Structures are given as C-alpha cells and as structure tokens.
Amino acid sequence: MKVQDLISMAWKNLMSRKLRTALTLLGVVIGTTAIIVMMSLGFGIQKTNEDLMLSMGDVTLLDVSPGIDDRGNPTRITEATLKAFKKMPHVKAVTPQFSTQVTLHSGRYTNDFVSLVAMDAQAFSDFGWDLAEGQAFKEKSSDFVFGDQVAVNFYDPKKPPAYGFDEEGNFIEPEAPLNPLHAKINLATLDPSTMFGKEVSSTPQKTVPISVSGILEKSNDYSKSISIYTSISNYEKILKTLDMDLPDRRSYNQVKIMVDEPENVEAVQNQLKIEGYESYGLTNMLEEMDKGMLIFQAIFGGIGAISFVVAAIGIANTMIMSIYERTREIGVMKVIGASIKDIQKLFLVESGFIGFLGGAIGVFFSLIISFGMNGLTASYLASSGADLTDVSMKISIIPLWLILVAFAFSSLVGVLAGYFPAKQAMNLSALDAIRSE
C-alpha cells in the first residue's frame, strides 16, 4: 500500500468519528501546551535571574584568595605570585585589593560606613569602569573616585533624609546634597557614636582632607556604587595619617583578576585551582543558580509529562475502540490482500496523526499564552516604575528547539500509544473478523 493511500485512509477514518477524534486530540493539545508553557516559565525565570546577576557586576572579574595546594599546604599570594597571575593565559589585569570602613564629612553633611577600596591605578583603568564625571585616579596621586551613590548618601545628622514615595507609589530617591568634585570633603575614622546605635568611645575622630577626581557611572552593583576608590600608595598614606593598621604587602589576602573574555573565565579558574588558589565570581553564582533551576525545570517538566501520559492513554483508548468498531473492515482488508504490516501502518499513521496535530495546536496555544504572560508582566513592571533596563522582562521564553522537541515528542507519543492497538489489529483472524457483527 502506497504512503499517500495510507495517509488518505487514516485521515478518512479519523474524520468519520469527529467527536471522538476531537476529544482525543484535546488531550494531546493540553499535554503539549502544559509542558511547553511550564518549561518556558523555567527558561524565562532563569534568563531573568541571569540578566539580573549580570547587571549587578562584571562576569569577567574574579576574587582570588589563598587556598590549599595539591600537597595539602596553604598557599600565599606575594608580589611574585601577582607577576605569575599576570602571565597566565587570558588574564587582562591583576591587582591586590585592600578595603576598610571610613566616614566622610563635608560641611554639615556626613556619610557613615563608606567602603574605602585601594587597588592599582592601571588595573582600575583596565577594569573599564566608566566615569560619569571627571577622571580616574593616578598611581602616585592622592585622588579618589567615588561610586555613584556615595554623594546621595550624604545627609545632615540634624535633619532626617527625605526618603518617601510619590502619589503613584514610586520610591523617591533623595538628591545628592553636594557634588564631590567641587566640595571640600574630609575622610575620617568611623564615628564611635554611630556604631551599634550608641556611644562606645569618647576618642575624637581623626580626619584628613581628600581630593575627588571622578564619579563612576550609575551601576546595579551596590557594593561598587557606595564605595570610594584610590591607589594603594594613597591608601597607605591615609591609614598612617589616621593611625590605622597598615595592610601587609608581603602576603595578600584578596586579589582581583580580570579575564579577557567571559568564555575564558572557567579556564582561568581551573588554572588557579590547580595552583592552589580559591577564586569566585559572578559565573560561580550563575552556575549555582542554574543548578537550583534544574529542580524547578524538573518539576515543571514533570507536570507537563503527566498531561502527556493522560493524552497517550486517551489515544490508546481511541485506537482500541476503533479496532472493535472496525473488526469486520480489518478482516475484509486481509482477505482482499492487504498485508499485516499495511494494517499496522494504518493504525500507527492514525495515532501519529493525532499526536502531530495535537502537538501543532498545542504549540500554537503555547505561543499565545507565552505572549500574553510576557505582555502582562511587562505592563505590571512598567506601571510599578521598576527600572529593569538591562534585565529581561519576559517571564516565559520558548526557544525554537523546545517547539521542535514538542512536535517530535507529541508525534512519538501518538505512535507509541497506537503501537499495541495496531499489533492487536495485526493478530486478528481474517475469517473471525469477517464473521463478526
């Protein structure tokens, strides 16, 4: 029997029982739609989380610290180690990093608990952090670069900050009371009266005037936004003036490494691990998040798979009922010369038709539902005033491969569900089938 004849007969048989075919088809449509939509929600949430993480920092930056080598001995990071790091493949910049907490004063304004970060000036430039105003600090200068939120966080201790919400419920961020590039700013040790909400010491603060050369562009990286940066030499000079403990330059506890491309981060981390150093970056956070999302994907996919199982039972039931109703027809086909394989193919084509059409309609409805969910999500976020310029606003993402897999899977489910009914039709005795009513 020719392929076109099989397809024509299969379609005719399905259309002769429209209601039953439609109900069976509905089960496949629900199963396909459920598994695509459920999986798309997992992909959408994963993509949104990834975009949010990437918007919070540079994926090529790694924090490196001493670890344990392959012999079980603790490793150290010295000047020689830094030079070795710089020679590693795909490493663009290396700098030791020191930090401490300080207070800033400017006239009647104060900014408590500011992170003072020191690093090599050349590495700071290599990191590619854009400046909204001014210029970066030089290696032997006394200049500072402020994060974009440092100026905003200045406040008058005698007047509470003007935080609040507008009529639409959007958060009102207070304006910066000063411009660091033009204001006289003093850097001081932490104010004891602000620590733990009570006065812990009567020792007066030591202060030193500082010069601000630049302000960083607005960033979603909160730690970078509220920090101030300077060279290591100036950092040591400041600490001496304030009678604070100087960093140990013989052995570094924290080093920042910038990799040339995101795809090379894993290779650099593997090399660092072999040499006995610990490293951590946004890529590690993304990997941990992806592992967690696998659980959700399994749950979502399992819910859709249950719907497919129900659909497969429906197809099998339809095919078995079709055999009982067409017993005499099957007998006649055998008597007039139809082969057993042709009869098997006919039933498999019918069940495959149901699976394929159900998959096609399911994909269509899935795309509509996904479009609707994304539209509602975008409208809600826009109305709430959320600033998510660098973050995906799609809660549902349907990749092309998922559509193709859904087509193939629904068709396969149809064929498999029709296999045993088809086998039963093959085994019918021709004479008994003709005698049946």
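This section reports on the structure supplied with the text. Every chain's residues receive numbers from 1 upward, in the order its sequence appears when written. pLDDT decides what is reported in this predicted model: residues at 70 or higher carry local features, side-chain atom pairs at 80 or more are listed and counted, and totals for whole chains, interfaces and linings draw on all residues regardless. Side-chain metrics in this entry use all non-hydrogen atoms of the structure; hydrogen atoms and water are not considered.

## Quick word on the pattern of salt bridges
Moving on, step 1. For salt bridges, the criterion is a side-chain nitrogen of Lys or Arg within 4 Å of an Asp or Glu carboxyl oxygen. Taken as a whole and judged by the stated rule, the model has three salt bridges.
Moving on, step 2. Between Asp156 and Arg108 there is a salt bridge; the shortest N-O distance is 3.3 Å. In this pair, Asp156 is assigned in the loop between β6 (143-146) and β7 (164-165) and Arg108 in the loop between β3 (98-106) and β4 (109-118), connecting sequence segments 48 residues apart.
Moving on, step 3. Burial here depends on accessible area, computed with a 1.4 Å probe over protein chains only, as a share of the maximum for the residue type. Under 20% is buried, over 50% is exposed, and the range in between is partly exposed. Classification of Arg108 by relative accessible area gives exposed; the value is 55%. Secondary structure follows DSSP: runs of H or I at least 4 residues long count as helices, runs of E at least 2 residues long count as strands, and numbering of each begins at the N terminus.

## Some thoughts on the environment of Pro177
Moving on, step 1. Relative to the elements of secondary structure, Pro177 occurs in the loop between β8 (171-172) and β9 (185-188).
Moving on, step 2. Taking C-alpha positions, Pro177 is 8.8 Å from Asn153, a pair spaced 24 residues apart along the chain.
Moving on, step 3. Discounting chain neighbours no more than four positions away, the residues touching Pro177 are Tyr109, Ala151 and Phe154. Note on definitions: a residue-residue contact is assigned when non-hydrogen atoms from the two residues lie within 4.5 Å.

## Digging into the pairing of β4
Moving on, step 1. Judged by how many residues are buried, β4 sits mostly within the fold: nine of 10 residues are covered.
Moving on, step 2. Sheet analysis places β3 next to β4, joined by eight bridges and oriented antiparallel. Bridge pairing in β4 links His105 to Thr110.
Moving on, step 3. Pairing between strands requires that DSSP locate at least two bridges from one strand to the other. Pairing analysis gives four bridges linking β4 to strand β11 (residues 227-230), with the strands arranged parallel. From the neighbouring strand, Leu116 faces β11, where its bridge partner is Ile228.

## Description of unusual backbone geometry
Moving on, step 1. Phi at His90 takes a positive value of approximately 75°, unusual for a residue other than glycine.
Moving on, step 2. Relative to the elements of secondary structure, His90 occurs in the loop between α3 (79-87) and β2 (91-96).
Moving on, step 3. Relative accessible area serves as the criterion here: at 36%, His90 is assigned to the partly exposed category.
Moving on, step 4. Although it is not a glycine, Phe113 sits at a positive phi angle of roughly 55°.
Moving on, step 5. The topology assignment puts Phe113 in strand β4.
Moving on, step 6. Given a relative accessible area of 41%, Phe113 falls into the partly exposed group.

## Description of the sheet that holds β2
Moving on, step 1. Taken in spatial order, the four strands make up an open sheet running β2-β12-β1-β13, and their pairing is antiparallel. Edge strands, defined here as strands with exactly one partner in the open sheet, are β2 and β13 (277-281). Going from strand to strand, the sheet's axes swing by 25° on average, the running direction of each strand aside.
Moving on, step 2. With five bridges joining them, β2 and strand β12 (residues 255-259) adopt antiparallel strand pairing. For Pro96, the partnering residue across the bridge sits in β12 and is Val255. Working convention: axes come from line fits to C-alpha atoms, limited for helices to the stretch in contact. Angles between N-to-C directions cover 0 to 180 degrees.

## Brief notes about a nonpolar patch on the surface
Moving on, step 1. Patches here are clusters of residues that have more than 30% relative accessible area and form no salt bridge, with a 9 Å joining cutoff for like charges and a 5 Å cutoff for nonpolar side chains (Val, Leu, Ile, Met, Phe, Trp, Tyr). Note on areas: Shrake-Rupley with a 1.4 Å probe; residue coverage comes only from the protein chains shown. The grouping of Ile361, Phe364, Phe365, Ile368 and Ile369 at the surface amounts to a nonpolar patch, some 440 Å² of accessible area in total.
Moving on, step 2. Topologically, Phe364 is positioned in helix α10 (residues 340-383).

## Description of the packing of aromatic side chains
Moving on, step 1. The aromatic pairing rule takes the rings of Phe, Tyr and Trp, using the six-membered ring of Trp, and pairs them if the centres are within 6.5 Å, calling planes under 30 degrees apart stacked, those over 60 edge-to-face and the rest tilted. By the definition in use, this model includes 11 aromatic pairs.
Moving on, step 2. Consider the rings of Phe85 and Tyr277, whose centres lie 5.2 Å apart with planes at 85°: the pair is edge-to-face. Note that Phe85 is positioned in helix α3 and Tyr277 in strand β13, a separation of 192 residues in sequence.
Moving on, step 3. What makes Tyr277 buried here is its relative accessible area of 12%.
Moving on, step 4. Taken together, the ring pairs in this structure connect Phe124, Phe127, Trp129, Phe137 and Tyr229 into an aromatic cluster.

## As for helix α6 (residues 232-241)
Moving on, step 1. Inspection of α6 places Ile232, Asn234, Tyr235, Glu236, Ile238 and Leu239 among the buried residues, and these make up the whole buried set.
Moving on, step 2. Count one or two residues on from α6 and you reach Asp243, which has phi positive near 55°.

## What to know about the nonpolar core
Moving on, step 1. In plain words, nonpolar cores are sets of buried Ala, Val, Leu, Ile, Met, Phe, Trp, Tyr and Cys residues tied together by side-chain atoms within 4.5 Å. Of all hydrophobic cores here, the largest spans 39 residues; its most connected members are Phe85, Leu104, Leu187 and Ile228.
Moving on, step 2. Residues within four places of Leu187 in sequence aside, it is in contact with Val102, Thr103, Leu104, Leu116, Phe144, Lys206, Thr207, Val208, Ile210, Ile228, Ile238 and Leu242.
Moving on, step 3. Ranked by size, the runner-up nonpolar core spans 15 residues in total, among them Leu61, Ala123, Phe124 and Tyr229.

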